[in-house]
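# Close look at the chain arrangement
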Amino acid sequence: MPTGTSKLPQLRVLSLARTAPEVLRPLVERAFRTVVDGVADVPISAEFPLSAAGDAHTLMGGRTSTGKLLLRVAEQPER
């Protein structure tokens, strides 16, 4: 292995879900908790109404977005 690099084992989420859900669950809970607590930042590239899901899919397929794409399933009330 070249100096200054390291390899991490790949986490195969679907494989764990099938073979060891008891291992996957605490990992997922911990990951979600870091987002909820503001420890991890999840960048959002764009938001689309559900009626524009095709546009979101096109953007995703173009591989030009760098964050998450959100589909709004209902209009949010004014705050």
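These lines cover the structure that appears in this document, whether it is placed above or below. (Residues numbered from 1 in each chain as written. Predicted model: local features only at pLDDT ≥ 70, side-chain atom pairs only at ≥ 80, totals over all residues. Heavy atoms only, no water.)

### Side note on the overall build of the protein
Each helix and strand counted, the protein has three helices and two strands in total. Ordering the α and β elements of the protein from the N terminus gives α-α-β-α-β. Across the 79 residues of the protein, 9% fall into the buried class. About 7,300 Å² of surface is accessible on the protein, with carbon and sulfur atoms providing 58% of the total. (Helix = DSSP H or I, 4+ residues; strand = E, 2+ residues; numbered from the N terminus. Buried < 20%, exposed > 50% of the residue type's maximum accessible area, 1.4 Å probe, protein only. Areas by Shrake-Rupley, 256 points an atom, 1.4 Å probe, with all protein chains shown as cover.)

### What to know about the pattern of salt bridges
Using the criterion set out here, one finds three salt bridges in the structure. A salt bridge links glutamate 29 to arginine 25, with the shortest nitrogen-to-oxygen separation between them at 3.0 Å. Taken together, the positions of glutamate 29 and arginine 25, both in helix H2 (residues 21–36) and four residues apart, correspond to about one turn of that helix. With its nearest N and O atoms 3.4 Å apart, the salt bridge here joins glutamate 47 to arginine 72. Of this pair, glutamate 47 sits in strand E1 (residues 44–49) while arginine 72 sits in strand E2 (residues 68–72), and the two are 25 residues apart along the sequence. Residue class for glutamate 47 comes out partly exposed when judged on its relative accessible area of 45%. (Salt bridge = Lys/Arg side-chain N within 4 Å of Asp/Glu carboxyl O.)

### Thoughts on the environment of phenylalanine 48
The topology assignment puts phenylalanine 48 in strand E1. For phenylalanine 48, a relative accessible area of 14% translates into the label buried. Sequence spacing of phenylalanine 48 and valine 73 is 25 residues, and the spatial spacing of their C-alpha atoms is 9.0 Å. Once you skip the residues sitting within four places of it in the chain, phenylalanine 48 turns out to touch Asp55, Ala56, Leu59, Leu69, Leu70, Leu71 and Arg72. (Contact = heavy atoms within 4.5 Å.)

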